[in-house]
Amino acid sequence: MKLQRMNRRALALGALAVSGALALTACGSDDTGSKSSGGGSSTSAAAGNIKCDDAKGQLQASGSTAQKNAIDAWVKQFTQACNSVQVNYNPTGSGAGITAFLQGQTAFAGSDSALKPEQVAQSKKVCSGGQAIDLPMVGGPIALGYNVPGVDSLVLDASTIAKIFDGKITNWNDKAIAALNPNAKLPDLKIQAFHRSDESGTTDNFTKYLISQAKTDWPYSGGKAWQAKGGQAAQGSSGLAAQVKQTAGAISYFELSYASDGLKTVDLKTAAAEPAKATAENASKAIASAKIAGTGQDLALKLNYNPSEAGAYPLTLVTYEIVCDKGNKSDTLAGTKAFLRYVASEDGQKVLSQNSYAPIPAEIISKVRTTVEGLS
């Protein structure tokens, strides 16, 4: 009897072993059959179209905090397919990102502002035989997050926003705010306006909007560094969002994805009949009217801060990936092209919509894809 029990047990274990082997064979067959067109194997349907080529090693990048949440989502999908590449993106801010790139420390930089002519000239020292170019990859609204107890809906125009951030309007029940919000119960509460402490492309784009639409009330030249006096400062978009969330009376500016944690956002009064809400879809409507201002392979855009389409949200930014057109380092070229190819692809751009960002309009992103393929 004991021998029979041992034989039955052995047969059962053998059956399990065969079953397990078949299961592993099936998994291995799936992996083999789902390799991306570039030779890298995919581990999910979303990653199935990613072309890896011979990409391997570490890819260092830094810059824009506005695109940080998009980068995180992209890296998750990309590394499932191209698991021989490690993408390390450090959200240091646009200014610091450009500086690191121009010093040869990174493969590419993220910036919410296009390169200046002197920066392009400087890049020729890093891009052997070429120069740095701007590739628009991420669009989105700059949301004005606010924390005013009892106020669930708030409308502001460019002039009022400029006066708030320049310290000319200091209380939430100010008559200018009340005129724009006749049905709101505005409290007698001091306004706490927060701005970026670091050099930021988000600041640059925010102030470009104010210069364009409220020049009389915003007497500054603009740029990545905050110029107005007064207010309070915090590091990065995440730092601003955190301050608004914890400070009664606070208002600040940051990319919409940073407002996803329950923060209320301002509706912008424009020339349209109804105020425009800060949504990815409404930002795309505004970005669609942008014009390519760059020359050659550079695809820097000139944004339209006064769009005529109903619902178009004019306070937008576009984040550029800054890379050498020629002269990229040989050990990072394959990885850079593979990652940027995915980012600009249809699948990559879909990720933006899923994370409160605005995809780049089709006419522009098609030119980005062509440019990425020509990187050398």
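Residues numbered from 1 in each chain as written. Predicted model: local features only at pLDDT ≥ 70, side-chain atom pairs only at ≥ 80, totals over all residues. Heavy atoms only, no water.

### Things to note about helix α7 (residues 201–213)
Taking 1.5 Å of rise per residue, the 13 residues of α7 would be expected to cover 18 Å, and the 18 Å separating its terminal C-alpha atoms lies within 8% of that figure. For α7, the set of buried residues is Gly201, Thr202, Thr203, Asp204, Asn205, Phe206, Thr207, Tyr209 and Leu210. (Helix = DSSP H or I, 4+ residues; strand = E, 2+ residues; numbered from the N terminus. Expected span 1.5 Å × (residues − 1). Buried < 20%, exposed > 50% of the residue type's maximum accessible area, 1.4 Å probe, protein only.)

### Thoughts on the packing of aromatic side chains
Tallied over the entire structure, the rule returns twelve aromatic pairs. The interplanar angle of 65° and the centroid separation of 4.9 Å between the aromatic rings of tryptophan 218 and tyrosine 220 together place this pair among those described as edge-to-face. Here the two residues tryptophan 218 and tyrosine 220 agree in accessibility, since each one is buried. (Phe/Tyr/Trp six-rings, centres within 6.5 Å; stacked < 30°, edge-to-face > 60°.)

### Regarding the environment of serine 345
The topology assignment puts serine 345 in the loop between α10 (330–344) and α11 (346–353). A polar atom in the side chain of serine 345 sits 2.6 Å from the backbone oxygen of tyrosine 342. From its side chain, serine 345 meets the backbone nitrogen of glycine 348 in a polar contact 3.0 Å long. (Polar contact = N/O pair within 3.5 Å; in protein donor to acceptor, adjacent residues only side chain to side chain.)

### Considering the state of the cysteines
By definition, a disulfide links two cysteine residues through a covalent bond between their sulfur atoms. Summed over the entire model, instances satisfying the criterion amount to two disulfides. Disulfide pairing places cysteine 52 opposite cysteine 82 at an S-S distance of 2.1 Å. Note on the cysteine 52 and cysteine 82 pair: the S-S dihedral is about -90°, so by sign convention the disulfide is left-handed. Pair noted here: cysteine 52 is in the loop between α1 (2–33) and β1 (57–63) and cysteine 82 is in the loop between α2 (68–81) and β2 (85–90), with a separation of 30 residues, a long-range link. Overall, cysteine 82 belongs to the buried group, its relative accessible area being 3%. Listing the disulfide partners of the chain by sequence rank of the bonded cysteines yields 1-2, 3-4. (Disulfide = S-S within 2.5 Å.)

### A look at the side chain of threonine 371
Assignment of secondary structure puts threonine 371 in helix α12 (residues 362–373). Within polar-contact distance, the side chain of threonine 371 engages the backbone oxygen of lysine 367 at 2.9 Å. Discounting chain neighbours no more than four positions away, the residues touching threonine 371 are Ile133, Leu135, Gln297 and Leu299. (Contact = heavy atoms within 4.5 Å.)

### Quick word on the pairing of strand β8 (residues 250–255)
Within β8, six of the six residues are buried, which leaves it mostly tucked inside the rest of the structure. Bridge analysis of strand β4 (residues 132–147) against β8 gives six bridges, and the strand direction is antiparallel. Directly across from asparagine 147, in β8, lies its bridge partner alanine 250. Relative to β8, strand β6 (residues 192–196) is paired through two bridges, and the arrangement is parallel. (Pairing = 2+ DSSP bridges.)

### A look at the packing of α2 against α11
Two numbers describe how α2 lies on α11: the axes approach to 10 Å, and their chain directions differ by 135°. On the basis of their axis angle, the class for α2 and α11 is oblique. Classified by chirality, the crossing of α11 by α2 is right-handed. Here α2 contributes Ala70, Ala73 and Trp74 to the contact with α11, which in turn contributes Gly348, Gln349, Val351 and Leu352. When its residues are assigned to classes, the contact of α2 with α11 shows five nonpolar, two polar and no charged. (Axes fitted to C-alpha atoms, helices over the stretch in contact; angles between N-to-C directions. Parallel < 35°, antiparallel > 145°, perpendicular 65-115°, else oblique. Left-handed = near helix turned anticlockwise from the far one by under 90°. Nonpolar A, V, L, I, M, F, W, Y, C, P; charged D, E, K, R; others polar.)

### Remarks on the packing of helix α5 (residues 158–165) against α7
Packing of α5 against α7 brings their axes to within 9 Å, and their N-to-C directions diverge by 125°. Considering the angle they form, α5 stands oblique to α7. At the point where α5 passes α7, the crossing takes the left-handed sense. Residues Ala158, Ile161, Ala162 and Phe165 of α5 pack against Phe206, Tyr209, Leu210 and Gln213 of α7. Here the contact of α5 with α7 is composed, by residue class, of seven nonpolar, one polar and no charged.

Nothing here speaks to function; it is all geometry.
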